[in-house]
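Here is how the chains run, residue by residue.
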Amino acid sequence: MIEILLVDDESYVTESLAKTIPWQSLGVSSVHQASSAKKAIEVLEEQSVDIVVSDIRMPEMDGLRFIGEITERWPHIRCILLTGHADFEYAKKAIQLQVFDYLLKPVNDDEFILTITNAIESLKDEWEQSEKYDKLVHNRHADIGVLRSNLMHDLVLGRKLSHRLIKQKLGDYDIPIPVEEQAVMLLVQLGRPFSAADHHTLSLMEYAVGNIAEEVFGEHFSVWHAKAPHDCLLLIVSLNPEMKEQLELSRKTDAMRRELLDQTARSLRMNVSNYLKGDVSIVITEWFTFPDDIPLAYRSGLSSFFMTEQNEGSPVVFLEDKLQVYGTAVKSLEILYKPPTLIHLLESKQWEAAKEKLDHVFADFKQARFSREHIYEVYLVITNAFMYMAHKQGVYMYQIDQSGFDLLTDPSVILSVERLEQWASSMMDKLRSELSENDEHTKSYIIKQVHEIVSNELGQETSVKTIADKVFLHPVYLSKIYKAETGESLGDYIIRMRMERALYLLKHTNKKIYEITAELGYQNPQYFSKMFKKHYGLTPNEFRDQ
């Protein structure tokens, strides 16, 4: 709300304005008074004043000097001068001080109200622009995080990008790892007690772990962290130039590099335990050339990562150790992770394409020899995609199928490829049916909510943003839903409802134009008249006179 300060050494002037002007209908919450510039400055130092209305001729400090001090100390305040002297020099000096307006005594109430209204609208425009700027700054930081994650997803899932484009993106997103540098990937999964947290808390914890990782590894490594497509955090690290040069002088470069990685990874686990009171499991891949070998490193670490025990005593696992135990490299199911991935197809509601994706995965499965571990890997990827979609729509999977995701209830799901294929097909059909019904119900309920809000709050500051806040949706997404469901934009609907209400009030009541203006939530009668004429071809007065 707006706060105003009235300043005049003749107190009857400020008292008259304070009592006769309909301040509340103008959106003014507090009206302060002062009999001198000195007292006015004391008020300004204690109150959050937005508009100052001041006389020019005052003892001790005249209005122009007073306005000059306001401009210097409180540049956001709108200043309006009152004077009985129609002197051009005063007006010229006021313009130099960037005074908002200049009125002559005795003050005409209508002229004064119009000036105050314009000052308020000017303030609101400035606040709106400032808010937009703050959002842009905030969104830039948020967007860089999203862009970094998107780039990570593209690279680990095998999207082909030129080195030139990757270099450009790395620079734009402040990612410090050079192209064609040797790097290593760490797959990090949050264990107890994080795994029992809700989605919002888990996201915050993942963000915190990523920040701790950047700090811990930052001493000796360049670091890039992001959420992986498959339920874990990814860190890609490369030695910084100083540490790289130091290790290359040693005859045991590989051994020292591994020891440094091991110590730093264990330090990460210790810091997470100390500061976040939880545990993480870490799998470290072999060194690879960044970014060309990212997909291979990711796929080779993923199978091992899924099968690694996740408890408080689990060590940092180096993939090269596991490969030596197996005696051969683990064969990966490339088609399972080849874009478009299952989760992307489900997210865009491409149900038939998602079914074809699974058909290709199982066809490839039957043609080659894969281990039980691969069956479990496919099961995890599919369940991850299904649960992601269900949770995104506000549904738990047990509501769709009480036993379908519980291996303790039905362990046969992962005993054979055929059983897993049947299970996946059945669960997708159930998921599709549930989400389709849920989606339609949700949209209908949102439209109903919007109509109720607009109907009940026409006289308040009703906008797409305020409505979106009340239905807990982004304004752009709400507008898109409303347009798709009704064929009319939400903004047009709000205006139409106000105009229809105005038409009724003009036709069936004797309320004055300014009363109808205030009742419909408009601050300025002239603006309301302009909107009414645009809608009906007549001004409110012309409509009543016909």
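Residues numbered from 1 in each chain as written. Predicted model: local features only at pLDDT ≥ 70, side-chain atom pairs only at ≥ 80, totals over all residues. Heavy atoms only, no water.

**Comments concerning the overall build of the protein**
Phase 1 of the analysis: The helix and strand tally for the protein stands at 24 helices and 11 strands.
Phase 2 of the analysis: Burial statistics for the protein: of 546 residues in total, 43% are counted as buried.
Phase 3 of the analysis: When contacts within the protein are restricted to residue pairs at least 6 apart in sequence, long-range pairs at least 24 apart make up 69% of them.
Phase 4 of the analysis: In the structure as shown, the protein presents an accessible area of about 29,700 Å², 50% of it carried by carbon and sulfur atoms. (Helix = DSSP H or I, 4+ residues; strand = E, 2+ residues; numbered from the N terminus. Buried < 20%, exposed > 50% of the residue type's maximum accessible area, 1.4 Å probe, protein only. Contact = heavy atoms within 4.5 Å. Areas by Shrake-Rupley, 256 points an atom, 1.4 Å probe, with all protein chains shown as cover.)

**Focus on the packing of aromatic side chains**
Phase 1 of the analysis: A full pass over the atoms with the stated rule returns 12 aromatic pairs.
Phase 2 of the analysis: Measuring from ring centre to ring centre gives 5.6 Å for Y482 and Y493, while their planes differ by 45 degrees; the resulting arrangement is tilted. Of this pair, Y482 sits in helix α20 (residues 475–486) while Y493 sits in helix α21 (residues 490–508), placing them 11 residues apart in sequence.
Phase 3 of the analysis: Its relative accessible area of 1% is what places Y482 among the buried residues.
Phase 4 of the analysis: Take Y493: its relative accessible area is 8%, and that puts it in the buried class.
Phase 5 of the analysis: Aromatic rings pair up to connect Y522, Y527, F528, F532, Y536 and F543 into one cluster.
Phase 6 of the analysis: When the ring centre of W287 is taken as origin, the NZ or CZ atom of R257, which lies over that ring, is 4.0 Å away.
Phase 7 of the analysis: Seen from the ring of Y522, R498 lies directly overhead, with NZ or CZ sitting 5.2 Å from the centre. (Phe/Tyr/Trp six-rings, centres within 6.5 Å; stacked < 30°, edge-to-face > 60°. Lys NZ or Arg CZ within 6 Å of the ring centre and 35° of its normal.)

**What about the pattern of salt bridges?**
Phase 1 of the analysis: Evaluated as defined, the whole model comprises 17 salt bridges.
Phase 2 of the analysis: In this structure, R269 engages D279 in a salt bridge whose closest nitrogen and oxygen atoms are separated by 2.9 Å. Linking R269 in helix α10 (residues 253–276) with D279 in the loop between α10 and β9 (280–284), this pair joins segments that are 10 residues apart in sequence. Here R269 matches D279 in class, with each residue buried.
Phase 3 of the analysis: Residue R496 pairs with E500 through a salt bridge whose shortest N-O separation is 3.2 Å. Placement of both R496 and E500 in helix α21 is noted, with a separation of four residues, approximately one turn of the helix.
Phase 4 of the analysis: A cluster of three or more residues bridged by salt bridges with shared partners is formed by E45, E69 and R73. (Salt bridge = Lys/Arg side-chain N within 4 Å of Asp/Glu carboxyl O.)

**As for the nonpolar core**
Phase 1 of the analysis: Counting 62 residues, the largest nonpolar core has M185, W224 and I236 as the members making the most contacts within it.
Phase 2 of the analysis: The dominant element in this core, judged by the number of residues it contributes, is helix α16 (residues 372–392), at 10 residues.
Phase 3 of the analysis: Every residue in contact with I236, bar those within four places of it in the chain, is listed here: M152, I177, A183, V184, M185, S222, V223, W224, F288, F290 and I294.
Phase 4 of the analysis: Counting residues in hydrophobic clusters, the runner-up holds 30 residues, among them V188, V209, F221 and F318. (Core = buried A, V, L, I, M, F, W, Y, C linked by side-chain atoms within 4.5 Å.)

**Observations concerning the confidence of the model for the protein**
Phase 1 of the analysis: Of the residues in the protein, 85% have a pLDDT of 70 or more, and the chain-wide mean is 82.
Phase 2 of the analysis: Contacts for the low-pLDDT stretch residues 324–329, under 50 throughout, to residues beyond four places or in other chains number three contacts. (pLDDT = per-residue confidence, 0-100.)

**Focus: the sheet that holds strand β2 (residues 28–34)**
Phase 1 of the analysis: Overall, parallel pairing links the five strands, which are arranged β2-β1-β3-β4-β5 in an open sheet. On the outer flanks of this sheet lie β2 and β5 (101–104), each paired with one strand and no other. Neighbour-to-neighbour, the strand axes of the sheet open up by a mean angle of 20 degrees, direction not taken into account.
Phase 2 of the analysis: As paired strands, strand β1 (residues 2–7) and β2 are joined by six bridges and run parallel to one another. (Pairing = 2+ DSSP bridges. Axes fitted to C-alpha atoms, helices over the stretch in contact; angles between N-to-C directions.)

**Comments concerning the pairing of strand β6 (residues 182–190)**
Phase 1 of the analysis: Counted residue by residue, β6 has eight buried out of nine residues, so it is predominantly covered.
Phase 2 of the analysis: Where β6 lies against strand β10 (residues 288–289), two bridges are found, and the strand directions are antiparallel. Directly across from A183, in β10, lies its bridge partner F288.
Phase 3 of the analysis: In the sheet, β6 pairs with strand β8 (residues 233–239) via five bridges, with the strands oriented antiparallel. Residue pairing for β8: M185 is matched across the bridge by I236.
Phase 4 of the analysis: The pairing of β6 with β9 spans five bridges and is antiparallel. Residue pairing in the sheet places L187 in a bridge with V283 of β9.

**Quick word on unusual backbone geometry**
Phase 1 of the analysis: Omega for the peptide link from F290 to P291 comes to 0 degrees, which places this bond in the cis form.
Phase 2 of the analysis: With respect to the helices, strands and loops of the structure, P291 is situated in the loop between β10 and α11 (294–307).
Phase 3 of the analysis: Located in the positive-phi region is E180, a residue other than glycine, with phi close to 70 degrees.
Phase 4 of the analysis: Along the polypeptide, E180 turns up in the loop between α7 (163–172) and β6.

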